[in-house]
Amino acid sequence: IGKGPVIAFGAVAFLVIPTAVLVGKPDYSNDYWGSSLIFLYLLQGVGRSVYESTNRAVFADFFPGSLNTAAFANCIMQAGLAFFL
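Residues numbered from 1 in each chain as written. Predicted model: local features only at pLDDT ≥ 70, side-chain atom pairs only at ≥ 80, totals over all residues. Heavy atoms only, no water.

(A) Seen up close, the layout of surface pockets. Here the largest pocket defines a volume of roughly 230 Å³. In terms of lining residues, the largest pocket is bounded by Phe14, Gln44, Arg48, Tyr51, Asn55, Phe59, Cys75, Gln78, Ala79 and Ala82. Secondary-structure elements contributing two or more residues to the lining of the largest pocket are helix H2 (37-62) and helix H3 (68-84). Among the elements that line the lining of the largest pocket, the one with the most residues is H2, at 5 residues. The residue inventory of the lining of the largest pocket, partitioned by class, reads 6 nonpolar, 3 polar and 1 charged. (1 Å grid on protein atoms, 1.4 Å probe; cavity = no way out; pocket = protein on both sides within 12 Å on 5 of 7 lines; lining within 4 Å. Points joined across faces, edges and corners; volume = space filled by probe spheres on them. Helix = DSSP H or I, 4+ residues; strand = E, 2+ residues; numbered from the N terminus. Nonpolar A, V, L, I, M, F, W, Y, C, P; charged D, E, K, R; others polar.)

Next up, the structure:
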């Protein structure tokens, strides 16, 4: 199937989370999403697993050999910077 569709699937999972929050605001009438909240946690898990596995595999493919160390350091730096912002 390849890495591209898997990364796209993870990106869509991350995109659906804020979209669901904006479209279906949690309130008293929908019991603050109740058991449907599990769906958001599943989407977060899918997106996170794609980031932790497939995204790093793409980094490893793109930066072979001795470039691996700098590439993964850059990956961690990008994640930390994104979290900071």
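Next, the rest of the story.
(B) The pattern of salt bridges, seen in detail. With the rule as written, the count across this model stands at 3 salt bridges. Of the charged contacts in the structure, one is a salt bridge between Lys3 and Asp61, with a shortest N-O distance of 2.4 Å. Of the two residues, Lys3 sits in helix H1 (residues 3-23) while Asp61 sits in helix H2, which places them 58 residues apart along the sequence. In this structure, the salt-bridge partner of Glu52 is Arg48, at a minimum N-O distance of 2.9 Å. Taken together, the residues span about one helical turn, with Glu52 and Arg48 both in helix H2 at a distance of 4 residues. The exposure class of Glu52 is partly exposed, given its relative accessible area of 32%. Residue classification places Arg48 among the partly exposed residues on the basis of a relative accessible area of 45%. If you follow the salt bridges from partner to partner, you end up with Arg48, Glu52 and Arg56 in one network. (Salt bridge = Lys/Arg side-chain N within 4 Å of Asp/Glu carboxyl O. Buried < 20%, exposed > 50% of the residue type's maximum accessible area, 1.4 Å probe, protein only.)

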